[in-house]
Amino acid sequence: MEIIIEIIKGCLLGWFIVEMPIFAVIPALIIERFKIKNNLIKFIIEKPFNCYKCGAFWATLIMTGNLWIALSASFLMKLYDQKINTVEL
């Protein structure tokens, strides 16, 4: 039961990181402060703040330190992004 709660907390934290605009400032400040020109490093810095899966993975991994819980949270956010978070035009 405790593992499920950790997975849910990681998913919610990942969603919060991606949806809140204040967190979009963090990678921009890091890139600007250190004057990073390499596109791969920029991608690595920006991705956890733009992607549900990445945000949930890194938030859960940092929060719990358990790789399997982080992968589970990332997988759940992948399903959320594919099935629920869709916009029909």
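In case you missed it, the structure is sitting above this.
What counts and what doesn't
- Numbers given for residues are sequential positions, taken from 1 along each chain in its written order.
- pLDDT decides what is reported in this predicted model: residues at 70 or higher carry local features, side-chain atom pairs at 80 or more are listed and counted, and totals for whole chains, interfaces and linings draw on all residues regardless.
- As a rule here, side-chain values cover all heavy atoms of the structure and leave hydrogens and water aside.
- Put simply, DSSP H or I for four residues or longer makes a helix, DSSP E for two residues or longer makes a strand, and each gets a number counted from the N terminus.
- Under the convention used throughout, the expected extent of a helix is 1.5 Å for every residue step, that is, one less than its residue count.
- Three exposure classes are used, based on accessible area relative to the maximum for each residue type with a 1.4 Å probe and protein chains only: buried under 20%, partly exposed in between, and exposed over 50%.
- Throughout, a contact is declared for two residues whenever any of their heavy atoms are within 4.5 Å.
- What counts as an axis is a line fitted to C-alpha atoms, over the stretch in contact for a helix, and the angles between N-to-C directions run from 0 to 180 degrees.
- Oblique is the label for any angle not covered by the other classes, which are roughly parallel (under 35 degrees), roughly antiparallel (over 145) and roughly perpendicular (65 to 115).
- Note on convention: near helix rotated counterclockwise from far helix by under a right angle means a left-handed crossing. Clockwise means right-handed.
- In the scheme used here, Gly and all other residues not listed as nonpolar or charged are polar, with Ala, Val, Leu, Ile, Met, Phe, Trp, Tyr, Cys and Pro taken as nonpolar and Asp, Glu, Lys and Arg as charged.
- Residues belong to a common nonpolar core when they are buried Ala, Val, Leu, Ile, Met, Phe, Trp, Tyr or Cys residues joined through side-chain atoms within 4.5 Å.
- This arc describes the spread of directions from the helix axis toward the C-beta atoms.
- Nonpolar side chains (Val, Leu, Ile, Met, Phe, Trp, Tyr) are joined into patches within 5 Å and like charges within 9 Å, using only residues with over 30% relative accessible area and no salt bridge.
- Method for areas: the Shrake-Rupley scheme with a 1.4 Å probe, in which residue coverage is limited to the protein chains shown.
- The term salt bridge refers to a side-chain nitrogen of Lys or Arg lying within 4 Å of a carboxyl oxygen of Asp or Glu.

Visitor: Outline helix 4 (residues 52–64), supporting the account with residue identities and numerical values.
Guide: Because the α-helix completes a turn every 3.6 residues, residues three or four places apart line up on one side. Compared with an ideal rise of 1.5 Å per residue, which puts 13 residues at 18 Å, helix 4 spans 18 Å between its outermost C-alpha atoms and is within 8% of the ideal. Among the residues of helix 4, Y52, G55, A56, F57, A59 and T60 are the ones counted as buried. In this structure, the buried residues of helix 4 make contact with helix 1 (2–19) and helix 5 (67–84). In the stretch just after helix 4, G65 is the one whose phi turns positive, near 80 degrees.

Visitor: Tell me about the packing of helix 1 against helix 4, and please be specific about residues and values.
Guide: It is the contact of helix 1 with helix 4, at a shortest axis distance of 7 Å, that shows an interaxial angle of 130 degrees. Put simply, helix 1 runs oblique to helix 4. Here helix 1 runs over helix 4; the crossing is right-handed. Only Y52, G55, A56, A59, T60, M63 and T64 of helix 4 make contact with helix 1, whose side of the interface consists of E6, K9, G10, C11, L13, G14, W15, I17, V18 and E19. Of the residues that constitute the contact of helix 1 with helix 4, the class distribution is nine nonpolar, five polar and three charged.

Visitor: Quick rundown of the nonpolar core? Include the residues and the values.
Guide: Counting residues in each nonpolar core, the largest one holds eight residues, listed as I7, C11, V18, Y52, A56, I69, A73 and M77. Mapped onto this core, the elements with two or more residues apiece are helix 1, helix 4 and helix 5. Discounting residues that sit within four places of it in the chain, A56 has contacts with G10, C11, G14, A73, S74 and M77.

Visitor: Describe helix 1, and please don't skip the residues or the numbers.
Guide: In a regular helix each residue adds 1.5 Å, so 18 residues correspond to 26 Å; helix 1 covers 26 Å between its end C-alpha atoms and thus fits that length. Buried within helix 1 are the following residues: E6, I7, G10, C11, G14, I17 and V18. Seen end-on, helix 1 carries its buried residues on one side only, within an arc spanning 135 degrees. The outward face of helix 1, more than 90 degrees from its buried face, is lined by the exposed residues E2 and L12. Looking at the buried side of helix 1, the elements it contacts are helix 4 and helix 5.

Visitor: If you had to explain a nonpolar patch on the surface to someone new, which residues and values would you point to?
Guide: On the surface, L13, W15, F16, M20, I22, V25, L29 and M63 cluster together into a nonpolar patch covering about 700 Å² of accessible area. Taken together, the elements giving at least two residues each to the nonpolar patch come down to helix 1 and helix 2 (25–34). For the nonpolar patch, the leading source of residues is helix 1, giving three residues. Tracing the sequence through the fold places L13 in helix 1. When its relative accessible area of 35% is taken as the criterion, L13 is described as partly exposed.

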